[in-house]
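Listed here are the chains, written in short residue letters.
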Amino acid sequence: MKLIKIDPPDRSFSRWLTDEEVGQVLANSRGWRLGSDGSVVAGTMRKLTVAPSLAALGAAASANRWISRPVRAGSDGSGPTHMMWGVFEARTDAEVAALVAASGP
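These remarks concern the structure in this document.

## As for the packing of helix H2 (residues 54–63) against helix H4 (residues 93–103)
Thinking step 1. Where H2 contacts H4, the two axes come as close as 9 Å, and the packing angle between them is 90°. With respect to each other, H2 and H4 are oriented roughly perpendicular. On H4, the residues touching Ala56, Leu57, Ala60 and Ala63 of H2 are Val96, Val100 and Ser103.
Thinking step 2. For the contact of H2 with H4, the per-class residue count stands at 6 nonpolar, 1 polar and no charged.

This is the structure in structure tokens:
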């Protein structure tokens, strides 16, 4: 499996980010890579699949409150995105993978 570096999105995370962009920010902060099948992979020697996609990682971040999106009247629930770095960084790669799997469809 060829691994590709994940760069952060062009927009700041103080702006509205999609689930995929949130996944990009989180994966980039941990140095995770994108697998050839689109999955998010931790490690280079012993590869651990963390999430099936960047969007799934972002959706799990929202479900597990690693990010905050204030709700506004008439809004779809997305809003300025705030990363809860301490909550996210306190988790090991395996814990994140388990929480993403539990949040999945």
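## Things to note about the packing of aromatic side chains
Thinking step 1. For the structure on display, the rule yields 2 aromatic pairs.
Thinking step 2. Aromatic pair Trp32 and Phe88: ring centres 6.0 Å apart, planes at 75°, arrangement edge-to-face. Pair noted here: Trp32 is in the loop between helix H1 (19–30) and strand E2 (33–34) and Phe88 is in helix H3 (residues 85–89), with a separation of 56 residues, a long-range link. Here Trp32 and Phe88 have matching classes, each one buried.
Thinking step 3. Grouping aromatic residues by their ring pairs yields a cluster made of Trp32, Trp66 and Phe88.

Thresholds applied
- Residues numbered from 1 in each chain as written.
- Predicted model: local features only at pLDDT ≥ 70, side-chain atom pairs only at ≥ 80, totals over all residues.
- Heavy atoms only, no water.
- Axes fitted to C-alpha atoms, helices over the stretch in contact; angles between N-to-C directions.
- Helix = DSSP H or I, 4+ residues; strand = E, 2+ residues; numbered from the N terminus.
- Parallel < 35°, antiparallel > 145°, perpendicular 65-115°, else oblique.
- Contact = heavy atoms within 4.5 Å.
- Nonpolar A, V, L, I, M, F, W, Y, C, P; charged D, E, K, R; others polar.
- Phe/Tyr/Trp six-rings, centres within 6.5 Å; stacked < 30°, edge-to-face > 60°.
- Buried < 20%, exposed > 50% of the residue type's maximum accessible area, 1.4 Å probe, protein only.

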